[in-house]
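Remarks on the overall topology
Letter by letter, the chains look like this.
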Amino acid sequence: MDSRLQPQARSLHAFASLNSRDLRRLFPVVTVLLAWLILKSMRSQSAASLQNEAFVTGYSLASICVLLMLLGVRKRVLSPQIGRLAIWQQTHHYLGLLSVGVYALHANVITSGWLESALALSFWSIAITGFVSWYVNHTAPKLLRAAGSQILRQDIPVRSRLVAKQAHELALASAGKNDTAALADHYRVHVSSYFTTRRNWIYRISPSGGKRRRLLAGLENIDRYLSAEGRAQRREMSLLVQSRDDLDFQSAIQNRIRLWASAHSWVLGTFLVLTIAHVILAHQFTSSW
Amino acid sequence: MNQYRLPRQPFKCGNSPTGESCPVGPVHGRCTLSQSDPAGKECRPLRTLIWWSRSIQVCATLIALIGVSLAWSNLGGKQSLAPGPLSSAHAQLLVAAHHGNNSELAIPAESRCASCHPGNETKTAKLKQSDLCLKCHIQEMPDAVYGSPHDLHGKSLEELVANGDRPNTQSTWAKLVSRSPIDWQNQSSECSQCHREHQGSAQNLNEMTSERCQACHRNAFHSFSSDHPEFKDYPYGRTTNIEFDHVKHRDLHFSKKAATFDCKTCHIQSDQVGVVGQVFRSVAFEQACASCHTQPIKSAIQDGLIVLQIPSINRKEMKSFGSDILGWPTQASLLTDGVVPPIMRMLIESEPGGVELLRELPVSGRLVELDVADPQGRATLLKLSDMTKQLMQKLANEGQPGFRSAVENLLSKSGTLASALPSNSKKLPNDWLDRFASGIPPDLFRAAWDEWFDKANTPIALGQNVPNRVPSIQVSGKSSGDEDDLLTGNEESLLNPTDNSLLSNDPKSLMAPAGKGVSKSERFKDSRAWDQLAFGGWMIDRQRMAIVYVPIGHADPWLSRWIELEELRQTQSPNHRISLAQQCRQCHALSSLNRSVKPEVSGKALAAGSSMIKKTSADSAVPLIKSDEPLAQSNWSVAFRKANQSSFSQQWPSEERENACWKSEKRAANLRQITKFDHTPHLTLPKLSDCQSCHQLNPNNTLASRQTEFSPMQKSQCTDCHQKNAAGESCTQCHDYHVGIKGWIEGRPARP
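Calculation criteria
Residues numbered from 1 in each chain as written. Chains lettered and ligands numbered in written order. Predicted model: local features only at pLDDT ≥ 70, side-chain atom pairs only at ≥ 80, totals over all residues. Heavy atoms only, no water. Helix = DSSP H or I, 4+ residues; strand = E, 2+ residues; numbered from the N terminus. Buried < 20%, exposed > 50% of the residue type's maximum accessible area, 1.4 Å probe, protein only. Core = buried A, V, L, I, M, F, W, Y, C linked by side-chain atoms within 4.5 Å. Contact = heavy atoms within 4.5 Å. Buried area = accessible area lost by both parts, 1.4 Å probe. Salt bridge = Lys/Arg side-chain N within 4 Å of Asp/Glu carboxyl O. Polar contact = N/O pair within 3.5 Å; in protein donor to acceptor, adjacent residues only side chain to side chain. pLDDT = per-residue confidence, 0-100. Disulfide = S-S within 2.5 Å. Pairing = 2+ DSSP bridges. Axes fitted to C-alpha atoms, helices over the stretch in contact; angles between N-to-C directions. Phe/Tyr/Trp six-rings, centres within 6.5 Å; stacked < 30°, edge-to-face > 60°. Lys NZ or Arg CZ within 6 Å of the ring centre and 35° of its normal. Parallel < 35°, antiparallel > 145°, perpendicular 65-115°, else oblique. Left-handed = near helix turned anticlockwise from the far one by under 90°. Nonpolar A, V, L, I, M, F, W, Y, C, P; charged D, E, K, R; others polar. Patch = residues over 30% accessible without salt bridge, like charges linked within 9 Å, V, L, I, M, F, W, Y side chains within 5 Å. Areas by Shrake-Rupley, 256 points an atom, 1.4 Å probe, with all protein chains shown as cover. Lys, Arg positive; Asp, Glu negative; His and termini not counted. Charge placed at Lys NZ, Arg CZ, Asp CG, Glu CD. Expected span 1.5 Å × (residues − 1).

To continue, consider the overall build of chain A. Across its full length, chain A holds 11 helices and zero strands. Along the chain direction, N to C, the helices and strands of chain A fall in the order α-α-α-α-α-α-α-α-α-α-α. Across the 289 residues that make up chain A, the buried fraction comes to 38%.

Counting 64 residues, the largest nonpolar core has Phe403, Trp558 and Trp562 of chain B as its most contacted members. Tallying contributions element by element places helix 16 (residues 375–398) of chain B first for this core, with eight residues. Not counting chain neighbours up to four residues away, the residues in contact with Phe403 of chain B comprise Val307, Leu347, Leu395, Phe436, Ala437, Ile440, Phe445, Trp558 and Trp562 of chain B. Listed in part, the 27 residues of the second largest apolar core include Leu61, Leu105 and Leu281 of chain A together with Val68 of chain B.

Our next topic: the interface of chain A and chain B. Facing the 37 residues of chain A at the interface are 49 residues of chain B. In terms of surface lost to chain B, no three residues of chain A exceed Leu50, Trp266 and Phe285 of chain A, which account for 18% of the buried area on that side. Scanning the region where chain A abuts chain B turns up one salt bridge. We note a salt bridge from Glu53 of chain A to Arg196 of chain B, for which the minimum N-O separation is 3.4 Å. Scanning the region where chain A abuts chain B turns up eight residue pairs in polar contact (both at pLDDT 80 or more).

Attention shifts here to helix 4 (residues 129–137) of chain B. In an α-helix, one full turn covers 3.6 residues, which means residues spaced three or four apart are oriented alike. Among all positions in helix 4 of chain B, only Gln129, Ser130, Leu132 and Leu134 of chain B are buried. Of the surrounding secondary structure, the elements contacted by the buried residues of helix 4 of chain B are helix 11 (268–285) of chain A.

Once that is clear, we can look at the confidence of the model for chain A. Averaged over all residues, the pLDDT of chain A equals 88, while 95% of them reach at least 70. Averaged pLDDT values over the elements of chain A bottom out at 69 in helix 1 (residues 6–16) of chain A and peak at 94 in helix 9 (residues 210–221) of chain A.

Here we take up the state of the cysteines. Residue and element names in this part refer to chain B. Applying the stated criterion across every chain yields a total of zero disulfides over all chains. Lacking any disulfide linkage, Cys584 is separated from the closest cysteine sulfur, that of Cys587, by 8.8 Å. The class of Cys584 is buried, set by a relative accessible area of 18%. This cysteine, Cys721, is not joined by any disulfide, and Cys718 carries the nearest cysteine sulfur, 8.9 Å off. What makes Cys721 partly exposed here is its relative accessible area of 32%.

Along the chain, Gly25 of chain B turns up in the loop between strand 1 (11–12) and helix 1 (32–36). Gly25 of chain B sits in the buried class, given a relative accessible area of 1%.

A few words now on the sheet that holds strand 3 (residues 305–309) of chain B. All names here are of chain B. Read from one edge of the open sheet, three strands run 3-5-4, paired in antiparallel fashion. For this open sheet the edge positions go to strand 3 and strand 4 (537–541), each flanked by a neighbour on one side alone. The average angle at which neighbouring strand axes cross in this sheet is 25 degrees, direction not considered. Of the strand pairs in this sheet, strand 3 and strand 5 (residues 546–550) are connected by four bridges, and their pairing is antiparallel. Directly across from Leu308, in strand 5, lies its bridge partner Ile547.

The tally for this structure, following the rule as stated, stands at 19 aromatic pairs over all chains. With a centroid separation of 5.9 Å and 85 degrees between ring planes, the pair formed by Phe403 of chain B and Trp562 of chain B is classed as edge-to-face. With Phe403 of chain B in helix 17 (residues 400–413) and Trp562 of chain B in helix 23 (residues 557–569), this residue pair connects regions lying 159 residues apart in the sequence. Side by side, Phe403 of chain B and Trp562 of chain B carry an identical accessibility label, which is buried. Pairing Phe445 of chain B with Trp538 of chain B gives two aromatic rings, centres 6.4 Å apart and planes at 55 degrees, and the pair type is tilted. Here Phe445 of chain B, found in helix 20 (residues 442–453), pairs with Trp538 of chain B, found in strand 4; they are 93 residues apart in sequence, far enough to count as distant. In this structure Phe445 of chain B comes out as buried when scored by relative accessible area, which is 0%. For Trp538 of chain B, a relative accessible area of 14% corresponds to the buried category. Clustering of aromatic rings is evident, with ring pairs tying together Phe403, Phe436, Phe445, Trp538, Tyr549, Trp558 and Trp562 of chain B. The ring of Tyr203 of chain A has Arg199 of chain A lying over it, and the distance from NZ or CZ to the ring centre is 3.8 Å.

Looking now at the packing of helix 6 (residues 156–175) of chain A against helix 10 (residues 228–263) of chain A. Residues and elements named next belong to chain A. Running from N to C, helix 6 and helix 10 point in directions that differ by 165 degrees, and their axes come no closer than 10 Å. The angle between helix 6 and helix 10 falls in the class roughly antiparallel. When you trace helix 6 past helix 10, the crossing you get is left-handed. Touching Ile156, Arg159, Ser160, Val163, Gln166, Ala167, Leu170, Ala171, Ala173 and Ser174 of helix 6 are Gln233, Glu236, Met237, Leu240, Ser243, Arg244, Leu247, Gln250, Ser251 and Gln254, all from helix 10. Of the residues belonging to the contact of helix 6 with helix 10, the class tally is nine nonpolar, eight polar and three charged.

Let us look at unusual backbone geometry. Trans is the prevailing form of peptide bonds, just as negative phi is the prevailing case for residues other than glycine. Residues and elements named next belong to chain B. Unlike most non-glycine residues, His150 shows phi in positive territory, near 55 degrees. Within the fold, His150 resides in the loop between helix 4 and helix 5 (154–163). Since its relative accessible area comes to 11%, His150 is described here as buried. Positive phi, normally seen in glycine, also occurs at Ala555, with a value near 60 degrees. On the secondary structure map, Ala555 appears in the loop between strand 5 and helix 23.

With that settled, consider the pairing of strand 4 of chain B. All names here are of chain B. The buried fraction of strand 4 amounts to five of the five residues, a majority that puts the element mostly inside the structure. Alternating residues of strand 4 divide into Gly537, Met539 and Asp541 and Trp538 and Ile540, and every residue in both groups is buried. Taken together, the five bridges between strand 4 and strand 5 define a ladder with antiparallel strand orientation. Note on strand 5: the bridge partner recorded for Gly537 is Val550. Where strand 4 folds back on strand 5, the antiparallel hairpin that results is connected by four residues, among which Met545 adopts a positive phi of roughly 55 degrees.

Right, let's get into a positive patch on the surface. Taken together, Lys75 and Arg76 of chain A together with Arg8 and Arg54 of chain B make up a surface patch of like positive charges. Mapped onto the elements of the fold, Arg8 of chain B is located in the segment before strand 1.

Another aspect to go through is helix 17 of chain B. The end-to-end C-alpha separation of helix 17 of chain B is 20 Å, in line with the 20 Å expected for 14 residues at 1.5 Å each. Within helix 17 of chain B, the full set of buried residues consists of Gly402, Phe403, Arg404, Ala406, Val407, Leu410 and Leu411 of chain B.

Next up on the list: the packing of helix 14 (residues 342–350) of chain B against helix 23 of chain B. Helix packing for two helices is described by the angle between their axes and how far apart those axes are. All names here are of chain B. At a closest axis distance of 12 Å, the pairing of helix 14 and helix 23 adopts a crossing angle of 65 degrees. Of the two elements, helix 14 crosses helix 23, and the hand of that crossing is left-handed. Judged by residue contacts, Pro342, Ile343, Met346, Leu347 and Glu349 of helix 14 engage Trp558, Trp562, Leu565, Glu566 and Arg569 from helix 23. In terms of residue class, the contact of helix 14 with helix 23 is built from seven nonpolar, no polar and three charged.

This part is about the side chain of Ser160 of chain A. Residue and element names in this part refer to chain A. The topology assignment puts Ser160 in helix 6. With a relative accessible area of 10%, Ser160 lands in the buried category. Excluding anything up to four places from it in sequence, Ser160 contacts Arg244 and Leu247.

This part covers a nonpolar patch on the surface. On the surface, a nonpolar cluster with roughly 440 Å² of combined accessible area is contributed by Val58, Leu62, Leu65, Ile66 and Leu70 of chain B. The residue Leu70 of chain B is located in helix 2 (residues 49–72) in this model.

Turning our eyes to something else, we now look at the environment of Leu533 of chain B. All names here are of chain B. Following the sequence through the fold, Leu533 ends up in the loop between helix 22 (529–532) and strand 4. Considering only alpha carbons, one finds Leu533 and Gly304, 229 residues apart in sequence, at a separation of 9.7 Å. Among all residues touching Leu533, those that are not within four sequence positions of it are Trp538, Met539 and Val550.

The structure is reproduced here in structure tokens:
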């Protein structure tokens, strides 16, 4: 093949090899991009004809924000349920992306004026929490799957208590014999607090396996002091430690998901109030639009 | 295990962590189990994330509501709602007014926004924002009240639109999505459409993107070099009142003198800054021209300008035909010769019967052509002598006012001249008229009369058709014809040596009365008076029997006024024009009579009947220039009218107005025109320091057939540097928007 055609051919080949899934993923991105370009063009034309282009972009942004808020309405309206929630969610994500682009057309990142700055701050708070929430929701399932079976967040404390109870009973059982007493001693000194107390806030923000690995290593180290029965008990204890860690991990990840999702709406009311004030002031104090 | 799921409840059972939660759960934050069984196990409901989230939402919303309400209710000052700080130019006004000592000027906090934004206050309620802008900016842009493109209106706007590019080149898409808010018919556009405030203190409100210009100039300019139209005749569209042949001076005069032909010598004044920097179309005569032209001017004026001359009439020949002029000076009685000088002609014309007398004179003006044998010829000579005496009596008696009134009478007689004057004034400019009489020494006329006619104090028989006349000069309390008359040399006269007048004992005075036994002519050497009048003045020329004015040289104020008068009267015959003016006309384009030149556009527009009305909030409509009368369309006459417009004259100092029509038109430094240029930054470049790199003489052009001898500038001369990433190519670098009528008229190039 002619060398000049190779890059083009590769592009065509890559495009042709796209499956429907990839195309479905590309479609909304392209749509958002197209919409943004249209708005940009409208803004330029508005500015070129001596209109106040901020009204064009402002009302576009306001319309997009209203559409974004409809997701919350859809979630709360039980009947009638229009469309699948997943589609609503996806639309919400892409509209959010578009809203950031339109904001860039409407105003600077750093604004001046108290009202406008507060409005910009609330907008960016919502946008950033939205992006983080999207990212967390995108990456969390894989993490959760790796951490064991599905479990509801409300059930995690009960399961944790159950695991703690099992570990305690196992420790009691190993304490009565000399060849297994080391396990009980080790449990009492190093492991019992792990089952009875909550993980610290660092773990809850950013869970890691460090403590689990230390505990498991510590349990393995006492194998030489245990009989065969004791080692079996030790392995059971290790499984309980693993289970507890899984539960804590699940709790942390699920809390993370909920927290960011919740934070996404903390300043929604503020945003609405400031937006309304901004629109009223813009119309009141602008002579030409 | 939990009996229920509570995904969106603000509270959950207090026993949830233990796994012993009740199946009902808390209701409105209270445990139903506790409620139902006070003696039972106490359970305190726990707040969920939902509760915290909603609490944060409510608190944040309340804070926002309170903050906005406070700001809106003026407690925090409405300025806290401003979208950004004002530019420093505007911000300082509000601050200064607030902190000033004058309480009347202080702007209350709640009214500061209303300074620029129409609000509910009575003063600003019915105004538009642009009206508030123009409350301060009206002086800079008086025509901006119309809110029309380039602040033009009426026919000027129509002409601009007719000659400009049209909004027909937009793409279909552009037409769909855009609309121009500028309604050409109603002429409404707001200041804020282009000038956006609240962008910070360092913001320059005058900065404008080229896209804004293209709101109307719809031929999109992607770059200056590719899209801007070619220059037509820039910058040489304007005519000049100075006739200067650059090619001839460079190739002939300067080369003959081996002098350097340097543009900067004549076009740069380092102590002044004009519209285009320190470069001017012309500079003072002393700087540019005096080194070569002073001597020729001196040579031309050395004989002076005859104002009044006693005609030489052969009395003997007259007597032979039965006519005589008694009391006529002997020195002027030998021959019938000479011409009536131009100024004297005009003075004669101003007198009753003067017009008829001038008609009787020969066309050439030479008296020798009058036939003494012809009774008509003799009558004409008699009338001329009579008129001469009459004039001298009048000027000697009335002095400067007499001179002035003579000019005024002359002008009022001319019907066409009246139409050349500003129509908003039925009177001639007073200071212009005063100049005709300024400096004239009445005593000189008296002395001349005394010298030439003092013996003729008896009534003169002037022939059949001319009434007797007697000298009308009187001394107070003495009757005419008395021997004690003022002009008889009586010791009690004002010419007494004891008097402190100019004509007293000064031994150098030519007018000093003779001492006893010595005739006047014998006391002093009768030298050529211009030897003694090297710096200008008046004299009696006994050789020519005339009163002569010796101009001071270039730009003589008295001579200038008479030449202006001649131009306004459009005196055609060369014999009747002031000869000294020929020297002036070599360099000053005084009229179109002596060269074929196309009239300036403004004159053309005037003749076309356009009129401009200036409308301000204070003034009613005042026509600035009314142009529907036929008049001489020479550049000079237009310049003369403009210089004497009462409205314009208020802006110019009198010394500027006086000779304005002789000079190259100097634009006011604050005058905006659509195309602007400043030489200053350009001249710093070595490549452009030579003026001829841009201003190239075209030897093929001749002065008679064109308005300029320079080749028009090419766009490529500018695009070499004015590119996007170099010197810049935005529209506002070279073009102003706020032009207004005055800038448009003065800056519009002449069109063929």
